[in-house]
Amino acid sequence: MQSTLIALAVANAVGTHGPSAPERYDGALGEISVSTPVVADADIRIDGRLEDLSWEQAALLHSFTQYEPVEGVPASQKTEVMVMLDAHAVYFGVRAYDDNPVGIRATLAERDEFTRSDDYIRFVIDTFNDQRRAYVFSVNPLGVQQDGIWNEGGGAGRMHMGPPVDDNPDFLWESSGEVTDWGYALEIKIPLKSLRFPEAEEQAWGLQVVRKIARNGYEESWAPITTNIANRLTQSGKLTGLRGLDAGLFLEVNPVLTGRRLGTESDGVFAHTSPEADFGLNMTYGLTSNLTLDGTYNPDFSQVEADAGQIAVNERFALFFPEKRPFFLEGTEIFNLPKQLVYTRSIANPIGGAKMTGKVGAWNVGYLGAVDQSLDDGDDAIANIVRVRRDIGGSSTLGMVYTDRTLHGDEFNRVAGADARLVLAQRYTVTLVGSTSFTAAPQAETAVGSLWSARVERAGRALSLTAEIEDSDSDFEAGSGFLRRTGDTQLESTIRYNRYGTSGSLVERWGPSLELRGYWDHDAFWSSQGAEEASAQLGGSVSFRGNVSIWGNLKRTSFEFQPEGYEGFVVETSSGTVEPFYPSQDLFGGLWGLNGMLWVNTFDKVRGNVRFSWDEVPIFGASSAAIEPADSYTGSLSLNLYPTQSLQAEVGVRHTTILRQRDGSKYSSATIPRIRAQYQFSRAFFVRGIFEYASQERRALLHPSTGRPVSVCDDVGCTLRDGSTAHDFHVEGLVSYEPSPGTVFYVGYTREMEDPDAFRFRDLRATADGLFVKVSYRFRF
C-alpha cells in the first residue's frame, strides 16, 4: 500500500504552470524530474505577493506527501511551489495553504533561529547532483531566513539527531513572506553567485522541498521520503534542462572595524584599559564556478554571544564548544570527518589565514592555513590543514586528511589520515577511519600514535542499528582536532525499534532501544583484560498527537580502573603516615541510573521540556581514577516563551547535586539559571539581553571508608584536593543591525561579577567587563 501511495504521489508531484515546463517520472528510479524554465530576465520583485507576471512561466511543483509522522500518505495541507531561473538567480514562489491559518506559527526572529519553533518551507538544492552535499535554504511565513549546508555523513550536530545540516554558513539571498487568510505566500531569490555548480553547458540539479507544520510536527515533501534509505539526498527530485548557467566574476570584500574597551579587577581595584580599535579584511574570490579562495587579515572572530555555561563539577574529559567564527565556517563541510581530526577552534587567536575549497570533477578539495598568535610570549603557531575527498559510486566517498601545527622546527604535531564512507544496498553504511600522529617536543623523541575506527549503520523506519569500534593508543594526539579521550579502545552498539500509529492516532510513534558500550585501556584490550568501563542502557520513547513526547532509560554501568591510573594519589593513615591510595574496584561495579524527559510543543505561547536523572556515579580524581561511589541527581527545566510575534525569551535552569554514598554528605553541586530575552524590531534589527548565574561547588576528595582527605603528589610536592567554590553572575546586552550576512552594526556590553554567597546578590564584585562595537560591510562584485 505504501509503495502505491508513493508512486501515485510521484506521478502527480510536478505540473506545468506555463507551457515550458514538461514533467517526467522515472518509475524505475523513483525519481521526479522537471524541466525548469531559464529566462533572460525574470523581472520578479521579492515582496511575498506572487503578483508578477513572470511567475506564469515557472514550473509548478505540487502533490506533496507526508513523511513524519506517517510515511507515504497525502500531505495534510496543500502546497504549491513555482521554480524558474534567469541569467542571475534561482527563483521560488510558494503558496502554502492551511485550513487553520490562525494556527500558523511565525515569529519575527533572528536569522537562523526559527526552525525549531515556526512553520517553514525548506529548499535542499544539490547543485552538483552528486547526492552528497547540498545547499539548504529555509524560510518561515514572514520571510525570515535560515541557511546552511547538507553534508551526508557529516552528522546532525554531535548527537546525530535530525538531518545532517550545518546551519552556521550564511549566504546572500532574498526572501519575503506574507501570512494570508488562506495560509501564507513566499518569494525567494537565490543569486547564482551564492551557489557553486559545475562548469557545464547543460546540467541537472537535485531538489527537495520540505514543509514543516509546527503546531502538530508534520513534515511533508515534494519528492517522497522514506527513512528506509540511508541517504536522503538520493530521494530528491531533479531540476533538468539548466543551460548556460554562469555566475560571472565572483569577488566579495568584507572590511571590518571593531572597537573595544575592557575592564578588569586586580587587588580590589577595578580599572579600564584605553579604548582599542582594530581593522580587519576578509576577501572571497571565485577562481571558477566551483572553486573558491578565501583570505583574511587580522580577522575579527568575536563571538556575539558567549558560550552557554556548562556544568563541570565532576568532568573527566574536556568540554566541547562549537565553532562560531565566520571565516572558519565558509566551506566547512569539506573538513568534516567521521572523527574530529579537524577542530578549527584549536586555532585560537589567528593573525591571518587563507583557505581554498571547492569541487573539481569527482574530487572535493580543501586547504586551510593560519598563523595562530600565542596568547603569552611564546612562539606563534603555523597551522596547515589539507583535505581531499573523492565520490565513489552513487553515494560513497573516499578521503584523506593532513594537519600540521608547528611552533618551530623541533616542536610540532602532524596527523595523516584516510577515511571511507560506503553506502551499500541503499540501507547500510560502513564508515572507516585510520590515522597516525607525529608529535615532537624540544629535546624529546618524536611520539608516534595511531587511531582507527569502523562503524556500521542500518537505516530503517522500524528497525535501525549501529555498531562501532574505535581504537587509539596513548601517543596519539590530534593537535588540530578534538578528541575527548585517547589511549582507549571503545566498542558501542545501539538498536532502536519504532512502531507508528495511523494518521491522527493518539500515539504517533513508540519504541524501545538498547545501547551497549565498553571502554578498555588500549593495551589492556589487546592483552584480553577486562573493560575499564561498561554500560548497558534500556530506553524507550513515546510521541503523542499534539507535539508531546516522553523519553526514558534505565542504565547499569561498571568501572574498573588499573593501579597505574592512581599514580601520585595518597591518603594519610590513622597513625599519621602517608600511603598510596587505591580503593577497592568492587565499589564501582553495578552502578544504576534512571533518566527521563518530557517535551511539550503543543502551545503557541509556551513550549519547553523537563529532564530528570538519578545516577550512581564514581567521584573522579582524574580521568582514570575513581575515588568513591556517589549518587548524582540532575534536573533541568527549559521554557521557550513567545508573548508576541516580536518578543521571544528562553528561561531555563539546570541543577546537579552529587552525594557520597558513604554518609550522604555533599561532594558537589551546580546550579545554572539562564534568561535570554530578545525583541525583534524588524528582520534586521533586534536588542537582546542575557542573564546567567553559575553557582558551582566542589568539596575535598575523601577516602571511601575512613573519610580522610586524599592528596595528589608529584615531583614538586603533595597537594590536598580540597575543592573549590564559585558563584559567577554574567550579564550581556546587545544591539544588532544586520540587513544581510557580513553587513552588520553591533554594540554590545558584557559584565562578569562574583557573588560571595550563592544567590545572595549582595556585595557583588565586578571582575571584568567589556564594551565592544563592530561595523562591517560585505561588498559583492
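The structure this text deals with has already been given above.
Residues numbered from 1 in each chain as written. Predicted model: local features only at pLDDT ≥ 70, side-chain atom pairs only at ≥ 80, totals over all residues. Heavy atoms only, no water.

K.L.:
Can you lay out the overall build of the chain for me, pointing to particular residues and giving the numbers?
P.N.:
Secondary structure summary: the chain contains three helices and 47 strands in total. Taken over C-alpha atoms, the radius of gyration comes to 28 Å for the chain, in line with the 28 Å a tight globule of 781 residues would show. By principal-axis analysis of the C-alpha atoms, the chain measures approximately 95 × 65 × 55 Å. Counting over 781 residues, the chain shows a buried share of 49%. (Helix = DSSP H or I, 4+ residues; strand = E, 2+ residues; numbered from the N terminus. Rg over C-alpha atoms; globule rule 2.2 N^0.38 Å. Buried < 20%, exposed > 50% of the residue type's maximum accessible area, 1.4 Å probe, protein only.)

K.L.:
Break down the pattern of salt bridges for me, citing the residues and quoting the values.
P.N.:
A side chain of one charge can pair with a side chain of the opposite charge if their charged atoms are brought near each other. Tallying each qualifying case throughout the model produces 41 salt bridges. With a shortest N-O distance of 2.9 Å, Asp170 and Arg111 are connected by a salt bridge. In this pair, Asp170 sits in the loop between strand 11 (165-166) and strand 12 (174-179) while Arg111 sits in the loop between strand 7 (89-97) and strand 8 (120-126), placing the two residues 59 residues apart along the sequence. Residue classification places Arg111 among the buried residues on the basis of a relative accessible area of 17%. Here Glu276 ties to Arg260 by a salt bridge, and the two come within 3.3 Å at their closest N and O atoms. (Salt bridge = Lys/Arg side-chain N within 4 Å of Asp/Glu carboxyl O.)

K.L.:
Any chance you could break down unusual backbone geometry for me, citing the residues and the numbers?
P.N.:
The step from Glu68 to Pro69 runs through a cis peptide bond, and the omega angle for that step is 5°. On the secondary structure map, Pro69 appears in the loop between strand 5 (65-68) and strand 6 (79-85). One non-glycine residue with positive phi stands out, namely Phe759, at about 60°. Mapping Phe759 onto the fold places it in the loop between strand 45 (743-754) and strand 46 (765-776).

K.L.:
Break down a negative patch on the surface for me, with residues and values.
P.N.:
On the surface, a cluster of negative charge is contributed by Asp521, Asp523, Glu564 and Glu567. Positionally, Asp521 belongs in strand 31 (residues 507-521). Overall, Asp521 belongs to the partly exposed group, its relative accessible area being 31%. (Patch = residues over 30% accessible without salt bridge, like charges linked within 9 Å, V, L, I, M, F, W, Y side chains within 5 Å. Areas by Shrake-Rupley, 256 points an atom, 1.4 Å probe, with all protein chains shown as cover. Lys, Arg positive; Asp, Glu negative; His and termini not counted. Charge placed at Lys NZ, Arg CZ, Asp CG, Glu CD.)

K.L.:
Go over a nonpolar patch on the surface, please, and point to the residues and values.
P.N.:
The grouping of Leu249, Tyr285, Leu287, Leu293, Met356, Tyr367, Val386, Tyr402, Tyr777, Phe779 and Phe781 at the surface amounts to a nonpolar patch, some 970 Å² of accessible area in total. If you trace the backbone, Leu287 turns up in strand 19 (residues 276-288). A relative accessible area of 38% places Leu287 in the partly exposed class.

K.L.:
Quick one: what's the story with the packing of aromatic side chains, residue by residue and with numbers?
P.N.:
Here the structure, examined in full by the defined rule, presents 25 aromatic pairs. For the ring pair Tyr566 and Phe581, a centre distance of 6.1 Å and an interplane angle of 65° mean the geometry is edge-to-face. In this pair, Tyr566 is assigned in the loop between strand 33 (548-559) and strand 34 (569-572) and Phe581 in the loop between strand 35 (578-580) and strand 36 (591-600), connecting sequence segments 15 residues apart. Residue class for Phe581 comes out buried when judged on its relative accessible area of 2%. A centroid spacing of 4.9 Å and a plane angle of 20° characterise the contact between Phe681 and Phe685, whose relative ring orientation is stacked. What makes Phe685 partly exposed here is its relative accessible area of 29%. Following the ring pairs from residue to residue traces out a cluster consisting of Tyr135, Phe137, Phe171 and Trp173. Lying across the ring of Phe327, Lys355 places its NZ or CZ 4.8 Å from the centre. One Lys or Arg, Arg751, reaches over the ring of Phe270 and ends 5.6 Å from the middle of that ring. (Phe/Tyr/Trp six-rings, centres within 6.5 Å; stacked < 30°, edge-to-face > 60°. Lys NZ or Arg CZ within 6 Å of the ring centre and 35° of its normal.)

K.L.:
Please set out the nonpolar core residue by residue, giving values where relevant.
P.N.:
Membership of the largest hydrophobic core comes to 38 residues, with the highest contact counts inside it found for Phe92, Phe123, Trp205 and Val209. Apart from the residues lying within four places of it in its own chain, the contact partners of Phe123 are Val81, Phe92, Val94, Tyr135, Val136, Phe137, Ile188, Gln208 and Val209. (Core = buried A, V, L, I, M, F, W, Y, C linked by side-chain atoms within 4.5 Å. Contact = heavy atoms within 4.5 Å.)

K.L.:
How would you summarise the pairing of strand 29 (residues 488-497) if you had to cite specific residues and measurements?
P.N.:
Two faces make up the sheet, and in a regular strand the side chains alternate between them. Alignment of strand 28 (residues 463-472) against strand 29, held across nine bridges, turns out to be antiparallel. Across the sheet, the residue bridging to Glu468 is Glu492, located in strand 29. The sheet contact formed by strand 29 and strand 31 spans nine bridges and is antiparallel. Looking across to strand 31, one finds that Arg496 is bridged to Ser513. (Pairing = 2+ DSSP bridges.)

K.L.:
Mind laying out the sheet that holds strand 34, listing which residues take part and the relevant values?
P.N.:
A sheet is described by the order of its strands in space; here four strands give the open sequence 35-34-42-43, paired in antiparallel fashion. Edge positions in the open sheet fall to strand 35 and strand 43 (718-720), since each of these has one partner strand only. Direction aside, neighbouring strands of the sheet carry axes that sit 40° apart on average. As paired elements, strand 34 and strand 35 share three bridges and run antiparallel to each other. Bridging across to strand 35, Val571 finds its partner in Glu579. (Axes fitted to C-alpha atoms, helices over the stretch in contact; angles between N-to-C directions.)

K.L.:
Provide a residue-level description of the state of the cysteines, including the pertinent values.
P.N.:
Summed over the entire model, instances satisfying the criterion amount to one disulfide. Across the disulfide from Cys713 sits Cys718; the S-S distance is 1.9 Å. Measuring the twist about the S-S bond at about 100°, one finds the Cys713-Cys718 disulfide to be right-handed. The exposed category is assigned to Cys718, whose relative accessible area is 53%. (Disulfide = S-S within 2.5 Å.)

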